[in-house]
Amino acid sequence: MGEEVKGGDFSRAQRREYRRKVQLCLDVFETILAQSTFETDRPLIGMEIECNLVDDDYQPAMTNREVLASIADPAYQTELGAYNIEFNVPPRPLPGQAALELENDVRASLNVAESRANQSGTHIVMIGILPTLMPEHLTSGWMSESTRYQALNDSIFTARGEDIVIDIEGPERLTLQSATIAPESACTSMQLHLQVSPADFAPNWNAAQLLAAPQLALGANSPYFFGHQLWEETRIELFTQATDTRPDELKAQGVRPRVWFGERWITSIFDLFEENVRYFPSLLPELSDEDPAAELAAGRTPQLHELRLHNGTIYRWNRPVYDVVNGRPHLRVENRVLPAGPTVLDMLANSAFYYGCLHMLSREDRPLWTRMSFGAAHHNFVEAARHGMHARLYWPGSGDVTPDELVLRELLPLAHEGLRQRGVAAAVRERYLGVIEGRAKTGRNGARWQVATVEALQRRGLSRPDALAEMLRRYCQEMHSNEPVHTWAVPA
C-alpha cells in the first residue's frame, strides 16, 4: 500500500520545506551511491500480489477490513479499494528449487487466507481488473480506511482542479468522468522485485523496459472494465488515466504523467530519482525528523524518507527502489507491468520468464537498447497492452514480429539460459517456462480466455452482466485448480 502518512492537510510552508528536503535527500543519495557498501551479498527476489474480494454472487465485496482481521497475517495489507488486499511474499534467493518452494508457500498462504475470508462469505480473486465491477460499486464506501489514500485522492484533485476523464478505446469504447480516484482501485497487479548493485541497476532497468511489452502480451488478464471490452490489458491505460494530475492544458504542454513508462535509457539509478525530483511536484509532502546529511556524516545509513515517499507517488512501470535493511542500503528494480493471476503457477511462470530473460539481456556485450530507440520500446508496450498476443512488436534483428514468434524463437531460449546461469534447477526451468511455451503456442492468456468465455456465454443467451459473473465463477474455480490458463476449457 505504500508508506502511511500521518495527516492530509499540508501547509504552503510545509510544501516548501519538503521540496528542500527532497533535494537534500537526492544530494545525499548521490553520495551514498558513490561511497556506501550496498547489500548485494545474497541477491533476493520478491513478489507482491494484489487481490480482489467478491461475495458469493461474484460481485465486489467492500470488506477488506473484516477479511484482514480474519486472516490476521501481517503479510496481507490493505490496498486502495475496500474490495482489495495485497499479499507481500517474503524475499528469497532464486537458485535451486527455491521457485517450487515459493509456489507451494504462496498457494498454502492464499488457501489459508481464502478459507478465513470464506467465514464472512467472501472470496479472494487474483485478476487484473475485476470484471463484475460496475460504476455503482464505486460511488461510496469504496475506499479503504487510510489517511494515505484520502490524502492522495485530495492531492491529485487539488493538482488537477477538475474531474478525471476516463476515455479508453477498444472494441467497446468507454468514456466517463470521475470525481475521485476510485477507478484506480480496479487495477490489481503482481509486482516483481530484483535486488541489484548500483553498477548493475541501469542495465537491469533498461532490460526490464525492453521486456515490458513481451511480458504484457504473454500475461494480459484485464480485458473488461465497467462491463466494456477494452484493451487486452486495460489496466495499463486505466491506471494511467485514473491518476492523471494534468488537465488538458498541461498535457498539451508536454507535462509528464505520474504513471510513466519513461522517455530514455539510463546510465544510473540516479537518473530516475533525479527525473522524479525535477519533473514531479509533491503529492504527499510529509516531513520526517531525519537530517540525512548528518546521518551520513555520522557513519549511519540515511533512510531518505522524503525522497522515498516522493518516489512512491510516481508510478513508473519499472520503478527504482532504495531501501535500508539492517543498517545497509540496497537497491531494487520493481517490475509493475503484470496483472495479478490467473493462477499461482501462471504467475510463477511469468516470474521465471522475466528473471531469466533479464539476466541475459542485462549482460549482453552489445545490449539491445543500444540498437533500439526508447520510443520503439514504448510503442511496443502500448501495442502489447492494447492487443496482447495479437500485437506487432519491433525487435532488433527481427523487425516486426508477433509475440509468439518473439517468445518462441528468441526469448524462451534466453530465459532458459538465464535461469540456468542463475543456478535454477532444470526441473524448475521446465515447469515454468513450459507454461510460457504453451501460452505462446496456443495464443491463450487470461485476457483471451475471459473474452472467449464471455462471448460463448452470451451466445447461450446470457446478458453481459450475467455472462461476466458466470465467467468469473468459472475463473475462480480454475484459479484454485492451479492448472495454467492456456489449458482452461472454454464453453461451447
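Structure first, text after, so check above.
Let us look at the structure shown here. Bear in mind that the values here come from a model prediction, so they are computed numbers and not experimental data.

**With respect to the packing of aromatic side chains**
One pair of aromatic rings is described through two measures. These are the centre distance and the angle between the planes.
(1) Moving on: Evaluated as defined, the whole model comprises 17 aromatic pairs.
(2) Moving on: Measuring from ring centre to ring centre gives 5.4 Å for Phe261 and Phe374, while their planes differ by 50°; the resulting arrangement is tilted. Linking Phe261 in the loop between β10 (259-260) and α8 (269-279) with Phe374 in helix α12 (residues 374-387), this pair joins segments that are 113 residues apart in sequence.
(3) Moving on: Overall, Phe261 belongs to the buried group, its relative accessible area being 4%.

**Examining the packing of helix α5 (residues 198-219) against helix α13 (residues 403-421)**
(1) Moving on: Contact geometry for α5 and α13: axes closest at 10 Å, N-to-C directions at 115°. In the crossing of α5 with α13, the sense of the turn from one axis to the other is left-handed. Note on element contacts: α13 touches α5 through Pro403, Leu406, Val407 and Leu411, opposite Leu211, Pro214, Ala217 and Leu218.
(2) Moving on: A per-class count over the contact of α5 with α13 returns eight nonpolar, no polar and no charged.

**Quick look at the environment of Arg336**
(1) Moving on: Looking at the secondary structure, you find Arg336 in the loop between β13 (328-335) and α11 (344-361).
(2) Moving on: Accessibility expressed as a relative area gives 11% for Arg336, which makes it buried.
(3) Moving on: Beyond its immediate stretch of four places on either side in the chain, Arg336 contacts Gln191, Arg235, Phe239, Tyr315, Arg316, Trp317 and Arg319.
(4) Moving on: For Arg336, the side chain forms a polar contact with the main-chain oxygen of Arg316, separated by 3.4 Å.

**Points about the pattern of salt bridges**
(1) Moving on: According to the stated counting rule, one finds 28 salt bridges in the structure shown.
(2) Moving on: Put simply, Arg439 and Asp346 hold a salt bridge, and the shortest N to O gap is 3.0 Å. Of this pair, Arg439 sits in helix α14 (residues 426-442) while Asp346 sits in helix α11, and the two are 93 residues apart along the sequence. Both residues of the pair, Arg439 and Asp346, count as buried.
(3) Moving on: Across the pair Glu417 and Arg420 runs a salt bridge, and its minimum N-O distance is 2.6 Å.

**Some remarks on the pairing of strand β7 (residues 190-196)**
(1) Moving on: For β7, the tally of buried residues reaches seven of seven residues, placing the bulk of the element in the interior.
(2) Moving on: In the sheet, strand β1 (residues 45-54) pairs with β7 via five bridges, with the strands oriented antiparallel. Its bridge partner lying in β7, Ile49 is registered against Met190.
(3) Moving on: With five bridges joining them, β7 and β13 adopt antiparallel strand pairing. Opposite Leu192, over in β13, you have Asn335 as the bridge partner.

**Let's talk about the nonpolar core**
(1) Moving on: The biggest cluster of nonpolar side chains holds 162 residues, and the ones touching the most others in it are Phe29 and Ile49.
(2) Moving on: If you tally residues by element for this core, the top one is α11, at 13 residues.
(3) Moving on: Here Phe29 is in contact with Ile269, Phe270, Phe273, Leu304, Leu307, Tyr322 and Leu331, once residues within four sequence places are set aside.

**Regarding the packing of α5 against α11**
(1) Moving on: For the pair α5 and α11, interaxial distance at closest approach is 9 Å and the crossing angle is 145°. Once α5 is placed against α11, the crossing between them reads as right-handed. Residue-level inspection shows Asn204, Ala207, Ala208, Leu211, Gln215 and Leu218 of α5 in contact with α11, the latter providing Phe353, Tyr354, Cys357, Leu358 and Leu361.
(2) Moving on: When grouped by side-chain class, the residues that make up the contact of α5 with α11 number nine nonpolar, two polar and no charged.

**Overview of the environment of Val321**
(1) Moving on: By secondary structure assignment, the location of Val321 is in strand β12 (residues 318-325).
(2) Moving on: By relative accessible area, which is 11% here, Val321 ends up buried.
(3) Moving on: Between the alpha carbons of Val321 and Gln14 there is a distance of 25 Å; along the sequence they are 307 residues apart.
(4) Moving on: Val321 has contacts with Ile269, His330, Leu331, Arg332 and Glu334, leaving out every residue within four places of it along the chain.

Quick notes on the rules
Residues numbered from 1 in each chain as written. Predicted model: local features only at pLDDT ≥ 70, side-chain atom pairs only at ≥ 80, totals over all residues. Heavy atoms only, no water. Phe/Tyr/Trp six-rings, centres within 6.5 Å; stacked < 30°, edge-to-face > 60°. Helix = DSSP H or I, 4+ residues; strand = E, 2+ residues; numbered from the N terminus. Buried < 20%, exposed > 50% of the residue type's maximum accessible area, 1.4 Å probe, protein only. Axes fitted to C-alpha atoms, helices over the stretch in contact; angles between N-to-C directions. Left-handed = near helix turned anticlockwise from the far one by under 90°. Contact = heavy atoms within 4.5 Å. Nonpolar A, V, L, I, M, F, W, Y, C, P; charged D, E, K, R; others polar. Polar contact = N/O pair within 3.5 Å; in protein donor to acceptor, adjacent residues only side chain to side chain. Salt bridge = Lys/Arg side-chain N within 4 Å of Asp/Glu carboxyl O. Pairing = 2+ DSSP bridges. Core = buried A, V, L, I, M, F, W, Y, C linked by side-chain atoms within 4.5 Å.

Function cannot be inferred from these measures alone, as they are strictly geometric.
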